Amino acid sequence: MSVVKLSGDSSCPVTPHLNSGCGFPAPNAEIFFLEPYTTLNIFGMDFVIGKTSILAALVSLIVATFFLAAARPRKMVPGKLQSLGEQAYLFVRDQIAREVIGKDGDRFVPFLGSLFFFVWISNLMGVIPGAQFPIMSSLAFPVSLTLMVYGTYMYIGMKHQGPIKFFTSAMFPPGVPKAMYVLLAPLELLQLVVTRPVTQAIRLFANMFAGHLLLTTFTLAAYYLLSPSIIGVLGSVTSFGVTVVLTGFEMFIQGLQAFIFTLLTAVYIGGSLHAEH
Amino acid sequence: MSVLAEVTGSIGSIGYGLAAIGPGVGIGIIFGNGVQAIARQPEAYGVIRQNMILGFALTEALALIGFVVPFVFGA
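Residues numbered from 1 in each chain as written. Chains lettered and ligands numbered in written order. Predicted model: local features only at pLDDT ≥ 70, side-chain atom pairs only at ≥ 80, totals over all residues.

Within an unreviewed UniProt entry, the label attached to chain B reads H+transporting two-sector ATPase subunit C, and the organism entered is freshwater metagenome. Recorded under Subcellular location (unreviewed entry), the UniProt text for chain B is reproduced unchanged: "Cell membrane". Here is the UniProt Sequence similarities (unreviewed entry) comment for chain B, exactly as written: "Belongs to the ATPase C chain family." (UniProt positions renumbered as here; feature names shortened; annotations may be inferred.)

Enquirer: Tell me what's going on with the overall build of chain B, and back it up with residues and numbers.
Expert: Scanning chain B from terminus to terminus reveals 2 helices and 0 strands. Rg of the C-alpha trace for chain B: 18 Å, well past the compact-globule value of 11 Å for 75 residues, more than 25% over. Along the longest, intermediate and shortest principal axes, the C-alpha atoms of chain B span 65 × 20 × 20 Å. Scored against the burial criterion, the 75 residues of chain B give a buried share of 15%. (Helix = DSSP H or I, 4+ residues; strand = E, 2+ residues; numbered from the N terminus. Rg over C-alpha atoms; globule rule 2.2 N^0.38 Å. Buried ≥ 20, exposed ≤ 12 C-beta atoms within 10 Å, placed from the backbone.)

Enquirer: Run through the UniProt feature "transmembrane region" (unreviewed entry) in chain B, naming residues and quoting values.
Expert: Residue and element names in this part refer to chain B. Listed under "transmembrane region" (unreviewed entry) in the UniProt record, and renumbered for this structure, are residues 14-32 and 53-73. The span residues 14-32 carries 100% helix and 0% strand; its end-to-end C-alpha distance comes to 27 Å. Here residues 53-73 is 100% helix and 0% strand, with 30 Å between the C-alpha atoms at its ends.

Enquirer: Outline helix H4 (residues 140-161) of chain A, listing residues and values.
Expert: Residues and elements named next belong to chain A. Over its 22 residues, H4 extends 31 Å from the first C-alpha to the last, a length consistent with the 32 Å expected when each residue adds 1.5 Å. Turning to H4, its buried residues are Phe141, Pro142, Leu145, Thr146, Val149, Tyr153 and Gly157. End-on view of H4: buried residues confined to an arc of 120 degrees, all on one side of the axis. In H4, the exposed positions angled more than 90 degrees off the buried face are occupied by Ser144, Leu147, Met148, Gly151, Tyr155 and Lys159. On the buried face of H4, the contacting elements are helix H1 (51-71), helix H3 (109-124), helix H5 (163-171), helix H6 (181-225) and helix H7 (230-273). Just downstream of H4 lies Gly162, where phi reads positive at about 90 degrees. (Expected span 1.5 Å × (residues − 1). Arc of directions from axis to C-beta. Contact = placed C-beta atoms within 7 Å.)

Enquirer: Pulling in residues and values, what's your account of the nonpolar core?
Expert: Core analysis: the largest hydrophobic core is formed by 49 residues, its most contacted members being Ala97(A), Leu112(A), Phe116(A), Val119(A), Phe205(A) and Ala266(A). Listing elements by their share of this core, those giving two or more residues are H1, helix H2 (80-101), H3, H4, H6 and H7 of chain A together with helix H2 (45-73) of chain B. Once you skip the residues sitting within four places of it in the chain, Ala97(A) turns out to touch Val92(A), Gly105(A), Asp106(A), Phe108(A), Val109(A), Leu112(A) and Ala266(A). (Core = buried A, V, L, I, M, F, W, Y, C linked by C-beta atoms within 7 Å.)

Enquirer: Give me the lowdown on the pairing of strand S1 (residues 38-42) of chain A, citing residues and values where you can.
Expert: One face of the sheet, then the other: side chains in a regular strand alternate in exactly this way. The buried fraction of S1(A) is low, at 0 of 5 residues. Between S1(A) and strand S2 (residues 45-49) of chain A, which pair antiparallel and follow one another directly, the connecting turn spans 2 residues, one of which, Phe43(A), has a positive phi of 50 degrees. (Pairing = 2+ DSSP bridges.)

Enquirer: Describe the interface of chain A and chain B, with residues and values.
Expert: Facing 13 residues of chain A, the contacting portion of chain B comprises 10 residues. Looking at which element gives the most residues to the side of chain A that touches chain B, the answer is H6(A), with 7 residues.

Enquirer: Run through the packing of H1(A) against H2(A), naming residues and quoting values.
Expert: Between two packed helices, the angle of one axis relative to the other and the distance separating the axes together describe the packing. All names here are of chain A. One can describe the packing of H1 onto H2 by two numbers: an axis separation of 8 Å at closest approach and a directional angle of 115 degrees. Relative to H2, H1 is oriented so that their crossing is left-handed. Touching Phe66, Phe67, Ala69, Ala70 and Ala71 of H1 are Leu81, Gln82, Leu84 and Gly85, all from H2. Tallied by class, the residues present in the contact of H1 with H2 amount to 7 nonpolar, 2 polar and no charged. (Axes fitted to C-alpha atoms, helices over the stretch in contact; angles between N-to-C directions. Left-handed = near helix turned anticlockwise from the far one by under 90°. Nonpolar A, V, L, I, M, F, W, Y, C, P; charged D, E, K, R; others polar.)

Enquirer: Now, about unusual backbone geometry: what can you tell me, with residues and values included?
Expert: Positioned with a positive phi, Gln132(A) is a non-glycine residue whose angle comes to about 45 degrees. Tracing the chain through its elements places Gln132(A) in the loop between H3 and H4.

If you want it as structure tokens, here you go:
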């Protein structure tokens, strides 16, 4: 009779192979809580320096350096770097800002562009060898970005429509029977104040969380199944192949999520600029 | 109060399955109608695609919340 020990058993290694009598060590949420390198205590607050914060600093450095380098020697005939920077800028301007906000969307392109490229490169860290940790799978990062977006469109809405009219125009959309407002007004207010920011943050976070967990599961499975048996070798090769395919799929999702995050930001800003008619 | 019926095991995965039904149907409708709209009016591709992605993002959030909640509130 064979007894399969659970991976939590102390007699099992952290990453066992098949037929060693140890169960598959399925990854769980613990893989997102990395050991901090060091903890700084500044003014009574703990600042954790870990892989996530170092990667985040690196990403902002990469994005800032790229756009500064692309824009610095601004020439009439753009060089390779400058035309790449222009392509990136034009993508955000034409696909997001002008398409969603309209003519006066141009002044939001720097904000939207920074958001898009920061989120995209942060997500991309999930598949870059060596880094392999999507920064946005730590809830703090999507939440702080969303708070920034939230503050921006709240401020713009109150400035352009007036502090009271901003809320009333959202709560009482025109063209609805009067009696429906009893039901609609609280829902619309909740949507504006709570649901929008919460779902925007959760969407980005959960996508990266799920993608990283999926990749980890198949990578671990490829390692676990690798053993001197036919089933083991076949399973291991299949699992590795799935990992490669999923990595490609994950890169698509990462770009899409960065695009969606920026698109929603533009939609919310556009909604604050012009009341619904 | 005595317990009449109890469900044990990984209920989180069942919860995710239930949470994925609605968004599954919704995303199907969004892309189905989106493709139909593009086929009827190919020149409006840009606007249709953008609204399609927007609707997809709003619907997909529900499934993702269903995926994350068991990790957050699970045992």
